[in-house]
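Residue strings, one per chain:
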Amino acid sequence: MVPASLSVQPVVDASAWLMPWLDMAATAVFALSGALAAARMRKTLVTFMFFGAITGVGGGTLRDVLIGAPVFWMHRSAPIAICLGAALLVWFTPRRIWPEQALEWFDGIGLAAYSVFGAAKALSFGIPPLPAAIMGVVTACMGGIFRDMLAGVPSIVLRPEIYVTAAALAAGGYVALISIGAYGWAAMAAGFLGGLILRFAAIRWQLGLPAYKDL
Amino acid sequence: MVPASLSVQPVVDASAWLMPWLDMAATAVFALSGALAAARMRKTLVTFMFFGAITGVGGGTLRDVLIGAPVFWMHRSAPIAICLGAALLVWFTPRRIWPEQALEWFDGIGLAAYSVFGAAKALSFGIPPLPAAIMGVVTACMGGIFRDMLAGVPSIVLRPEIYVTAAALAAGGYVALISIGAYGWAAMAAGFLGGLILRFAAIRWQLGLPAYKDL
Amino acid sequence: MVPASLSVQPVVDASAWLMPWLDMAATAVFALSGALAAARMRKTLVTFMFFGAITGVGGGTLRDVLIGAPVFWMHRSAPIAICLGAALLVWFTPRRIWPEQALEWFDGIGLAAYSVFGAAKALSFGIPPLPAAIMGVVTACMGGIFRDMLAGVPSIVLRPEIYVTAAALAAGGYVALISIGAYGWAAMAAGFLGGLILRFAAIRWQLGLPAYKDL
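Just so we're clear, the structure is a prediction, and the values are computed from it rather than from any experiment.

1. A short note on the overall build of chain A
No. 1: A tally of regular secondary structure across chain A gives eight helices and zero strands.
No. 2: Reading the secondary structure of chain A in the N-to-C direction produces α-α-α-α-α-α-α-α.
No. 3: Relative to the compact-globule value of 17 Å for 215 residues, chain A shows a C-alpha radius of gyration of 17 Å, a close match.
No. 4: With the C-alpha coordinates of chain A rotated into their principal frame, the extents come out at 50 × 50 × 30 Å.
No. 5: When the 215 residues of chain A are sorted by exposure, 57% land in the buried category.
No. 6: Residue pairs in contact within chain A that sit at least 24 positions apart in sequence constitute 76% of those at least 6 positions apart.
No. 7: Put simply, chain A shows about 8,600 Å² of open surface, and 73% of that area lies on carbon and sulfur atoms.
No. 8: Side-chain charges in chain A split into 13 positive and 9 negative, and the spacing between the mean points of these groups amounts to 8 Å.

Quick look at the structure:
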């Protein structure tokens, strides 16, 4: 494997204790959103588990395959167990206890966290800034996109909602700050907060991107 | 690569002579079902070959990428040749000689065999039990899911039919028995038979899973 | 990694100076076609970039993952920068300056070039001839197929148009000539021209493959 570059090492160290927890939390939130999509479609437990798993670990899986890292849920059981657990939880509980509006805010936290986390992991594998920022977006967004493709519904990349854009701000901001020599923790905090605020603003005021208008 | 753990070695040895044949047979059955899907849609030979290949090798390909193994059909020509051959066979023969009802039973054999085989391969690469069982399901089911996504039809994970469930029983049963120290051949036989019987029962009595009912 | 086999080495050498340029040009043409698909659907800039990137680098990405090569756009920034640049270019210009008929011819050049290039790269990683030829087709065709799956429209593998067939002729012709001992540059030129002429003929006379007719 490519050794972690020196400039990235401190980032990974500084937040090493926080990372696994953020990771688990984001996986759980994404898996819940996947299982709830299956609940809305009134599918079976198998669909709940598939959607939970693919939404929870799909983005990170693609990131790891692209950057040449061992796929993160292949060498420990927790991530996939969390996904299956989330599916079971949604299956055995009434939908009304899952306030989907509230979950959207949690999903925004997961989105911002995963974007920064995915970009940081890519940098630590020696990936240059631009593709590393893309890997942040992939980590945060591809799970939901895979779920929507499986479900046969238009995914977030086809909708005007500001979602991928917030992931791009988080990942791009983090990578840009690292590139200009910022402290790892400062770049992380700024990227995370930037993406989070944009996504929260988008939820609150239903912000969307303009569609292409032929001139 | 991760060395095979000792507990798994005997499994691989005991059935080493049978594995390649099971593998080829399952690939062929899956490729036939892919090509027949193209025939039902009255598509061209290119679609037959794409569907044959993606159904035949798609699941095992994703498994190998996830567990970090060299993709199995990249270093020998037989698997992809079998897929293309199956597509040509279906193309040049009238559909009535392919009794799809009968094929469904063969597909059930392939399903049970691939689930156990995929899980065994994952274990032999040092993957822990839970993700290894998932890899069995991926091996057996993802080829057909990719085909349905390409074809734009709802895949098996959206249907109540007991199919993924039978793969999960086969892979999970095998992995559970290995984990409690069972002989490799016994775990394989039990996993295979469990999945096979459940799938056959599902075909025979059209068993399905219950859909989510909001409480 | 698998060392390049001796018979393939000269091929790679002979065209080493041309390869990166062909590669960039084909990426750009594919990315433009992806962004234009987003323009036709009147989507946002995020969709333009997603479609540009997935069409531009999708096929080569899958090839690299399958043959076990480092993913080509992970270790240099140019390919993904070209894709995002193409998306921006299409976003900021009126559609009428992009004569889609003309782009179809450029796409044909990219198709033939990528088919040969993908097969050559696979051979240089020690992949046997049949899967190497398939890797040429994957390189040339999968980007557009991923884009169509994301867009929810029937992809080229479902349409009778001669497109995948031209890629198969280019990649298969190249690999066949290499296998019988032809010079690398001769095999490349013949494969490229064969695929190009077939694709151009298909565009010019709207050639299509016959559909399956049940006997």
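2. Some remarks on the interface of chain C and chain B
No. 1: With 26 residues of chain C in contact, the opposing surface of chain B contributes 31 residues.
No. 2: In total, about 2,400 Å² of surface goes out of reach between chain C and chain B, with carbon and sulfur atoms giving 74% of it.
No. 3: Elements with a contribution of two residues or more to the side of chain C that touches chain B: helix H3 (45-67), helix H6 (129-151) and helix H7 (164-179) of chain C.
No. 4: It is H6 of chain C that contributes the most residues to the side of chain C that touches chain B, seven residues altogether.

3. With respect to the side chain of serine 124 of chain C
No. 1: Structurally, the position occupied by serine 124 of chain C is in helix H5 (residues 100-124).
No. 2: Within the structure, serine 124 of chain C has its side chain in polar contact with the backbone oxygen of lysine 121 of chain C (distance 2.7 Å).

4. Focus on the relation of the copies chain C and chain B
No. 1: Least-squares fitting of chain C to chain B yields an RMSD of 0.0 Å, with the superposition described by an axial translation of 0.0 Å and a rotation of 120 degrees. These values place the two chain copies in the arrangement generated by a three-fold rotation axis.
No. 2: By residue overlap, the copies meet through two different surfaces: only 8% of the interface positions of chain C are interface positions in chain B.

5. Focus on the relation of the copies chain C and chain A
No. 1: Its rotation angle being 120 degrees, the transformation that places chain C on chain A also includes 0.0 Å of axial translation and leaves an RMSD of 0.0 Å.
No. 2: Mapped onto chain A, only 6% of the interface residues of chain C are again interface residues, and the two copies thus contact each other with different surfaces.

6. Examining the pattern of salt bridges
No. 1: Here the structure, examined in full by the defined rule, presents 18 salt bridges over all chains.
No. 2: Residue aspartate 64 of chain C pairs with arginine 63 of chain C through a salt bridge whose shortest N-O separation is 2.9 Å.
No. 3: Residue glutamate 161 of chain C pairs with arginine 199 of chain C through a salt bridge whose shortest N-O separation is 3.1 Å. Placement of glutamate 161 of chain C in the loop between H6 and H7 and of arginine 199 of chain C in helix H8 (residues 184-205) is noted, with a sequence separation of 38 residues between them.
No. 4: When its relative accessible area of 27% is taken as the criterion, glutamate 161 of chain C is described as partly exposed.
No. 5: Linked by salt bridges that have partners in common, Glu104, Arg159, Glu161 and Arg199 of chain A make up one network.

7. Overview of a nonpolar patch on the surface
No. 1: Side chains of Trp17, Leu18 and Leu22 of chain C sit close together on the surface and give an oily, nonpolar patch of about 310 Å² of accessible area.
No. 2: Counting through the fold element by element, tryptophan 17 of chain C comes out in the loop between helix H1 (9-14) and helix H2 (19-40).

8. So, the packing of helix H2 (residues 19-40) of chain A against helix H3 (residues 45-67) of chain A
Between two packed helices, what matters for the description is the angle formed by their axes and the separation of those axes.
Residues and elements named next belong to chain A.
No. 1: It is at 7 Å that the axes of H2 and H3 come closest, and there the two elements cross at 145 degrees. Along this stretch, H2 crosses H3, giving a crossing that reads as right-handed. Contacts between H2 and H3 pair Thr27, Phe30, Ala31, Ser33, Gly34, Ala35, Ala37, Ala38 and Ala39 from the former with Thr47, Phe48, Phe51, Gly52, Thr55, Gly56 and Val57 from the latter.
No. 2: Split into classes, the residues belonging to the contact of H2 with H3 amount to nine nonpolar, seven polar and no charged.

9. Digging into the UniProt feature "transmembrane region" (unreviewed entry) in chain A
Residues and elements named next belong to chain A.
No. 1: UniProt records the feature "transmembrane region" (unreviewed entry) at residues 20-38, 45-62, 74-93, 130-150, 162-183 and 189-207, using the numbering of this structure.
No. 2: Its end C-alpha atoms 25 Å apart, residues 45-62 is made of 100% helix and 0% strand.
No. 3: Helix makes up 89% of residues 189-207 and strand makes up 0%, while its end C-alpha atoms are separated by 23 Å.

10. Details of the interface of chain C and chain A
No. 1: In this assembly, 31 residues from chain C lie in contact with 26 residues from chain A.
No. 2: For the pair chain C and chain A, the summed buried surface comes to about 2,400 Å²; carbon and sulfur atoms form 74% of the total.
No. 3: Together, Phe50, Met74 and Leu150 of chain C form the three largest contributors to the area buried by chain C at its contact with chain A, with a combined 24%.
No. 4: The interface formed by chain C and chain A contains zero salt bridges.
No. 5: Counting every contact that joins chain C to chain A gives five residue pairs in polar contact (both at pLDDT 80 or more).

11. A few points about the environment of leucine 177 of chain A
Residues and elements named next belong to chain A.
No. 1: Inspection of the secondary structure puts leucine 177 in helix H7 (residues 164-179).
No. 2: In this structure leucine 177 comes out as partly exposed when scored by relative accessible area, which is 27%.
No. 3: For the pair leucine 177 and alanine 187, spaced ten residues apart in sequence, the C-alpha to C-alpha distance is 5.4 Å.
No. 4: In this structure, leucine 177 is in contact with Ala182, Ala187 and Ala190, ignoring residues within four places of it in sequence.

Cut-off values and rules
Residues numbered from 1 in each chain as written. Chains lettered and ligands numbered in written order. Predicted model: local features only at pLDDT ≥ 70, side-chain atom pairs only at ≥ 80, totals over all residues. Heavy atoms only, no water. Helix = DSSP H or I, 4+ residues; strand = E, 2+ residues; numbered from the N terminus. Rg over C-alpha atoms; globule rule 2.2 N^0.38 Å. Buried < 20%, exposed > 50% of the residue type's maximum accessible area, 1.4 Å probe, protein only. Contact = heavy atoms within 4.5 Å. Areas by Shrake-Rupley, 256 points an atom, 1.4 Å probe, with all protein chains shown as cover. Lys, Arg positive; Asp, Glu negative; His and termini not counted. Charge placed at Lys NZ, Arg CZ, Asp CG, Glu CD. Buried area = accessible area lost by both parts, 1.4 Å probe. Polar contact = N/O pair within 3.5 Å; in protein donor to acceptor, adjacent residues only side chain to side chain. Least-squares fit on C-alpha atoms with pLDDT ≥ 70 in both. Salt bridge = Lys/Arg side-chain N within 4 Å of Asp/Glu carboxyl O. Patch = residues over 30% accessible without salt bridge, like charges linked within 9 Å, V, L, I, M, F, W, Y side chains within 5 Å. Axes fitted to C-alpha atoms, helices over the stretch in contact; angles between N-to-C directions. Left-handed = near helix turned anticlockwise from the far one by under 90°. Nonpolar A, V, L, I, M, F, W, Y, C, P; charged D, E, K, R; others polar. UniProt positions renumbered as here; feature names shortened; annotations may be inferred.

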